[in-house]
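Listed here are the chains, written in short residue letters.
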Amino acid sequence: MDSVKQLFSRWNPLTLSFIGHIHAVKMMILPRFLYIFQNIPIFLTKKFFNQIDSLISSFIWNNKRPRINKYHLQKSKKDGGLALPNLRLYYWAVNIRQLCFWLYWLDKNQKPLWVDLELKAVKQFHLTSILGTPLPLQLSKIPNLNLYPVIKQSLQICFQFHNFLNFKQFKLSSFLYQNFLFKPSTTDPIFLLWKNKGIHSFTDLFCDGQLMTFQELINKYSLAHTHFLQYFQDRHFLQQYLPKFPYLQESDLLDTILKLNLFVKGSISRICNLLLLQKENLSLKIKQGWKRELNMTFVMKIGFEF
C-alpha cells in the first residue's frame, strides 16, 4: 500500500490528461499486482481493494470528487468504458486460472512441480472436486489443511469467488472419483475402475441432457452388472444436488471459465471481462427485484454523479 502511495506521489506533479492517468494506472499498478497474484496465493479482503480503489480514484481525479462512477470506467472500451483495471476482479481471475490448472494437469503424466505437489498434498479426496462444491462450505471440514498454507489460501480465495457468484449449485464437471462431497467415491475402489473406463466427471453419466440408465452405462463404458449399487449411490447423490434431476443443469459463468483455454494469451483478461459482465448482471437482478417488490421504475445513472 505504501509503495502505491509513493508511486502516485511521484506521478501527481506531472501534467497528464484524464486518459493519461488511466494509462498510468495500467502501466504502474496493474503489472505490480499481477506479478504478486500469479506467484503466490494471498487471501485479501474487500477492505484492501477498497483502499486501493480509493488511491486510484484520487490519482485519476487529481484529489477531487469523482465525476463518473468507477464501474463505468472499468468497462471495456467496446462497452463504452475506458478499461480502468478492476484489481479485485484481476485478483480472482488470476487465482481461479491457477486453480483450473489442477483440472487441466490432473490426468497428465508430467505435471508442473507446483501442481504435482499440491494435488498430492491432500490424499483423502481430489482438490479439483472443491472447485465444483457449492456454498456454504467450511474449511475446517478439510482434514490437515493447516499443514498446507498455500492450498488453504487458494481455497479461501476460491470460496470468496464462489460467494461473489452466489454459487450454490453443484458442478457436474466435478471429478467423480474421490469427490469431496460424494463420500462413497473416496473409499470404494469401484469408482477408480469407472475412472479408468472413461467416467471422469459426473457429466459423463449423462447423455442428451439426461442421466443415463444403468444399462446405457454398461453399453457405453463396459461396466460390470455388479456395479449396480454404485450406480444407485451416484443417482441418489445427484438427486440431492440437482434441482431438475435427472436432467442436466444449465451452464453458468463457472462452467464457462472451467472450459477456457488457459494457455492462450489474454486468458486472465478474458476471465476478468467475464466477471465484470457477471457483476453487471447481478446489479440488474437486484434492480429488477426492487422493481417487483416496490412496483416502481428505477432510472440507472450512467453518466455523471452529482
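The shown structure was predicted, so the numbers you read here are calculated from the model rather than taken from an experiment. (Residues numbered from 1 in each chain as written. Predicted model: local features only at pLDDT ≥ 70, side-chain atom pairs only at ≥ 80, totals over all residues. Heavy atoms only, no water.)

Engineer: Describe the layout of surface pockets, naming the residues involved and giving the relevant values.
Structural biologist: Empty space within the second largest pocket amounts to approximately 290 Å³. Forming the boundary of the second largest pocket are 16 residues, of which C100, L103, Y104, S173 and L258 lie nearest the centre. Grouping the constituent residues of the lining of the second largest pocket by class yields nine nonpolar, five polar and two charged. (1 Å grid on protein atoms, 1.4 Å probe; cavity = no way out; pocket = protein on both sides within 12 Å on 5 of 7 lines; lining within 4 Å. Points joined across faces, edges and corners; volume = space filled by probe spheres on them. Nonpolar A, V, L, I, M, F, W, Y, C, P; charged D, E, K, R; others polar.)

Engineer: Please set out the pattern of salt bridges residue by residue, giving values where relevant.
Structural biologist: One pass over the structure, following the stated rule, counts two salt bridges. With a shortest N-O distance of 3.0 Å, K70 and D53 are connected by a salt bridge. Taken together, the positions of K70 in helix α4 (residues 70-73) and D53 in helix α3 (residues 46-60) put the pair 17 residues apart, joining distant regions of the chain. With relative accessibility at 15%, the residue D53 sits in the buried group. Its salt-bridge partner being K120, residue D116 comes within 3.3 Å of it at the nearest N-O pair. On the criterion of helical spacing, the pair formed by D116 and K120 is a turn pair, its members being four residues apart in helix α6 (residues 113-121). (Salt bridge = Lys/Arg side-chain N within 4 Å of Asp/Glu carboxyl O. Helix = DSSP H or I, 4+ residues; strand = E, 2+ residues; numbered from the N terminus. Buried < 20%, exposed > 50% of the residue type's maximum accessible area, 1.4 Å probe, protein only.)

Engineer: Hey, could you go over the environment of I52 for me, with residue numbers and the actual values?
Structural biologist: Of note, I52 is situated in helix α3. Residues I52 and R88, 36 residues apart in the sequence, show an inter-C-alpha distance of 9.6 Å. Once you skip the residues sitting within four places of it in the chain, I52 turns out to touch M1, V4, F33 and L87. (Contact = heavy atoms within 4.5 Å.)

Engineer: Got a sec to walk through the packing of helix α2 (residues 18-39) against α3? Specific residues and values, please.
Structural biologist: Put simply, α2 and α3 touch, their axes get as near as 9 Å, and they point 155° apart. By the angle class used here, α2 and α3 are roughly antiparallel. Note on packing geometry: the crossing formed by α2 with α3 is right-handed. On α3, the residues that touch F18, H21, I22, A24, V25, M28, F33 and F37 of α2 are F48, F49, I52, I56, F59 and I60. Within the contact of α2 with α3, the residues separate by chemical class into 13 nonpolar, one polar and no charged. (Axes fitted to C-alpha atoms, helices over the stretch in contact; angles between N-to-C directions. Parallel < 35°, antiparallel > 145°, perpendicular 65-115°, else oblique. Left-handed = near helix turned anticlockwise from the far one by under 90°.)

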